[in-house]
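A structural walkthrough
Residue-level listing of the chains:
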Amino acid sequence: MKRPGKSDPSRPREDGYDYKREFYRSSTVAEDYDFHRFSSPERQKRNRRKWAAICKALREATGVRTILDLPCGTGRFTGALAREGFEIVGSDISHEMLHKAASLEKENKAAGQPKAIRGYVQANAEHLPLRNDSLDCVVSIRFMMHVDPISRVRMLREFHRVSRRWVIIDYRHCYSFRYVLTHTFGRLGIGRPPLSRVSRKELDKEFADNLKKLETKVADESALAKWTYLLPNWTMESLLKKRSELLESKKEETSEDKANSPGALEIPGIVPTPDQ
Ligand SMILES: C[S@@+](CC[C@H](N)C(=O)[O-])C[C@H]1O[C@@H](n2cnc3c(N)ncnc32)[C@H](O)[C@@H]1O
């Protein structure tokens, strides 16, 4: 039986956000994606660990009913989250990945699995076609580490804007035995060096640098403060607070919030899945 390997079409060959954004916009890549990511026992095990981490985060996040899975890719986690009972919308920049996700969902439904995905919407994470506070939670898996710091800030702002309560992000770091091993072999010229990983220190530095930039911007613009406000409050808050405080600032959901919650179905721009 064929096993996933280094020559699979959906295995990225380069680092860099521009490359990654275009890479998945190919039907060959979309077709191969699940085989490469999920078909060997080792990869399935890795995936189960990731799924367990997502479930753990969701257990800690209170009041989550509606979720945006972005990027949803071929919809592996979209389907799994729907089966857990969440009202879910999948989104991705790649039509090819969305098409694959929709056809997998059709197969699942034909196999008798209950349908709970509300739809798919094609969108760029940097400019989401969604209203403020339209969902309870954004889940973003296997993505942020591919994105350059400037676009990353733009996306995090968008996630913060559209989510009423939570944003769950996974981020690949450099503290794994596998990474150390492949990195060492790569440096010795044996095999390809692994694609980039970050340390906690680097991430904290990125936050600190952005904060410094914002302080400079505020200082420069304060001369104009008498006449105009150039920075909206939400821009300031998300950058001026410590990361740990951002979570705490999300308010607890009241029964009134629940009653007024818009629900994923009302999100504009949803592409219904084929049989809706
Ligand atoms: C490695 S896949 C992850 C998919 C899925 N979360 C998973 O874990 O299987 C990365 C996905 O990001 C999507 N993507 C890249 N840039 C994007 C952007 N700016 N906005 C939305 N999706 C993007 C790609 O099309 C691709 O489907």
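Above this text you will find the structure in question.
Now for a quick tour of the structure. Fair warning: this is a prediction, and the values are worked out from it, not measured in the lab. (Residues numbered from 1 in each chain as written. Predicted model: local features only at pLDDT ≥ 70, side-chain atom pairs only at ≥ 80, totals over all residues.)

Comments concerning the site of the ligand
Cut-off, in case you're wondering: Nearness rests on one distance test: the residue's C-beta atom, set from the backbone, must lie within 6 Å of the molecule or strand. Secondary structure elements follow DSSP: runs of H or I of four or more residues count as helices, runs of E of two or more count as strands, with numbering from the N terminus. For this classification, Asp, Glu, Lys and Arg are treated as charged, while Ala, Val, Leu, Ile, Met, Phe, Trp, Tyr, Cys and Pro are nonpolar and the rest, including Gly, are polar.
Taken together, 18 residues form the shell around the ligand, and within it Y24, P71, G73, S94 and A125 come nearest. Elements with a minimum of two residues in the shell around the ligand: helix 1 (17-23) and helix 4 (76-83). Its residues assigned to classes, the shell around the ligand comprises nine nonpolar, three polar and six charged.

Quick look at the sheet that holds strand 3 (residues 117-122)
For clarity, the cut-off: The rule for pairing is simple: two strands pair if DSSP sees at least two bridges between them. With axes taken as lines fitted to C-alpha atoms, and helix axes fitted only over the stretch in contact, angles between N-to-C directions fall between 0 and 180 degrees.
An order of 3-2-1-4-5 is seen for the five strands of this open sheet, with the pairing classed as parallel. Single-partner strands in this sheet number two, and they are strand 3 and strand 5 (163-169). The mean angle between the axes of side-by-side strands here comes to 20°, regardless of whether they run parallel or antiparallel. Bridging between strand 1 (residues 66-69) and strand 2 (residues 87-92) involves four bridges; their strand directions are parallel. When the bridges of strand 2 are listed, T66 appears paired with E87.

Let's talk about unusual backbone geometry
Stated formally: Partly exposed residues are those whose C-beta has more than 12 but fewer than 20 other C-beta atoms within 10 Å; 20 or more makes a residue buried and 12 or fewer makes it exposed, with C-beta atoms placed from the backbone.
Here the bond from L70 into P71 is cis, since omega is 0°, no more than 30 degrees from zero. Position of P71 relative to the elements: it lies in the loop between strand 1 and helix 4. Its identity as a non-glycine residue notwithstanding, D133 has a phi of 55°, on the positive side. Locating D133 in the fold gives a position in the loop between strand 3 and strand 4 (135-140). On the basis of neighbour count, D133 is assigned to the partly exposed category, with 14 C-beta atoms found within 10 Å. Of note in the backbone geometry, R142 takes a positive phi value of approximately 55° without being a glycine. Structurally, the position occupied by R142 is in the loop between strand 4 and helix 6 (149-162). The class of R142 is partly exposed, set by 15 C-beta atoms lying within 10 Å.

Quick word on the pairing of strand 5
What counts here: The handedness rule is simple: strands pointing away from the viewer, and a clockwise path from the first strand over the helix to the second, make the crossover right-handed.
Within strand 5, five of the seven residues are buried, which leaves the element mostly enclosed by the surrounding structure. Bridge count between strand 4 and strand 5: five bridges; the pairing is parallel. Residue C137 lies in a different strand from strand 5, and its bridge partner there is W166. For the crossover that starts at strand 4, traverses helix 6 and ends in the parallel strand 5, the hand is right-handed.

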